[in-house]
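Breakdown of the fold
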Amino acid sequence: MIKRVGIVAKPGLTAVSEDLPAIASWLEQRGVEAVFDESTAALTTGGSIRTVTREDLPRHVDLILLLGGDGTLLGMADRAAQAGLEVPILASTSADSAF
């Protein structure tokens, strides 16, 4: 059962700043806690949100929602592997989009 979802965006990806509070709200309405890495939390104007370092994120969540490019995806997958964890990553990556 998924209880905590980590939300990671490509550093500096301001195009998602308005979407981040909506994603967190959608998760919370379903009883799932949103956990942001620190650089993604800096992109949002949301209220009180739980943050952890990007390196520690895989240790604190059951699933990672990633908004970014291939580099962001590979970096997060590497962090999960370095932690010895098999955390599923749901990624939205595209060379043709804002992500």
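Here goes a summary of the coordinates provided.

What counts as what
For every chain, the first residue of the written sequence is number 1, and numbering continues from 1 onward in sequence order. Where totals are concerned, whole chains, interfaces and linings use all residues; where local detail is concerned, this predicted model gives features only for residues with pLDDT of at least 70, and gives and counts side-chain atom pairs only at 80 or more. The side-chain numbers reported here are obtained from all heavy atoms of the structure, hydrogens and water having been left aside. Each helix corresponds to a stretch of at least 4 residues labelled H or I by DSSP, and each strand to a stretch of at least 2 residues labelled E; elements are numbered beginning at the N terminus. The atom set for the radius of gyration is the C-alpha atoms, and the globule formula is 2.2 Å times the number of residues raised to the power 0.38. Throughout, exposure labels follow a simple rule: accessible area from a 1.4 Å probe, protein chains only, divided by the maximum for the residue type, with under 20% read as buried, over 50% as exposed, and the rest as partly exposed. Should any heavy atoms of two residues lie within 4.5 Å, those residues are counted as being in contact. Any two strands between which DSSP finds at least two bridges are classified as paired. Interaxial angle, 0 to 180 degrees, is taken between N-to-C directions of lines fitted to C-alpha atoms, where a helix line uses only the stretch in contact. Every crossover in which the path from the first strand over the helix to the second runs clockwise, viewed with the strands pointing away from the viewer, is termed right-handed.

1. Here's the deal with the overall build of the protein
Tallying secondary structure elements over the protein gives four helices and five strands in all. Listed by position from the N terminus, the elements making up the protein come as β-α-β-α-β-α-β-α-β. Computed over its C-alpha atoms, the radius of gyration of the protein comes to 12 Å, within 12% of the 13 Å expected for a compact globule of 99 residues. Projecting the C-alpha coordinates of the protein onto the three principal axes gives extents of approximately 35 × 30 × 20 Å. Taken over 99 residues, the protein has a buried fraction of 35%. When contacts within the protein are restricted to residue pairs at least 6 apart in sequence, long-range pairs at least 24 apart make up 66% of them.

2. Observations concerning the pairing of strand E5 (residues 89-92)
Note: strand E4 (residues 63-67) against E5, four bridges, orientation parallel. From the neighbouring strand, Leu 66 faces E5, where its bridge partner is Ala 91.

3. Some remarks on the side chain of Thr 72
Position of Thr 72 relative to the elements: it lies in helix H4 (residues 70-82). Accessibility expressed as a relative area gives 11% for Thr 72, which makes it buried. Each residue touching Thr 72, except ones within four places of it in the same chain, is listed here: Val 8, Ala 9, Lys 10, Pro 11, Arg 54 and Leu 66.

4. Some details on the sheet that holds strand E2 (residues 33-37)
Spatially, the five strands line up as an open sheet ordered E3-E2-E1-E4-E5, and their pairing is parallel. Each edge of the open sheet is held by one strand with a lone partner, namely strand E3 (50-52) and E5. Each neighbouring strand pair of the sheet contributes to a mean axis angle of 25°, computed without reference to strand direction. Note: E2 against E3, three bridges, orientation parallel. Paired with Phe 36 across the bridge in E3 is Thr 51. Strands in contact with helix H1 (residues 19-29) are strand E1 (4-9), E2 and E4; relative to E2, the strand with the most contacts, it is inclined by about 150°.

5. What about the pairing of E4?
Within E4, five of the five residues are buried, which leaves the element mostly enclosed by the surrounding structure. In E4, alternate side chains face the same way, and those of Leu 63, Leu 65 and Leu 67 on one face and Ile 64 and Leu 66 on the other are all buried. In this sheet, E4 lies alongside E1 in parallel orientation, the contact comprising five bridges. Bridge pairing links Gly 6 to Ile 64 in E4. One crossover worth recording links E4 to the parallel E5 by way of H4, and it is right-handed.

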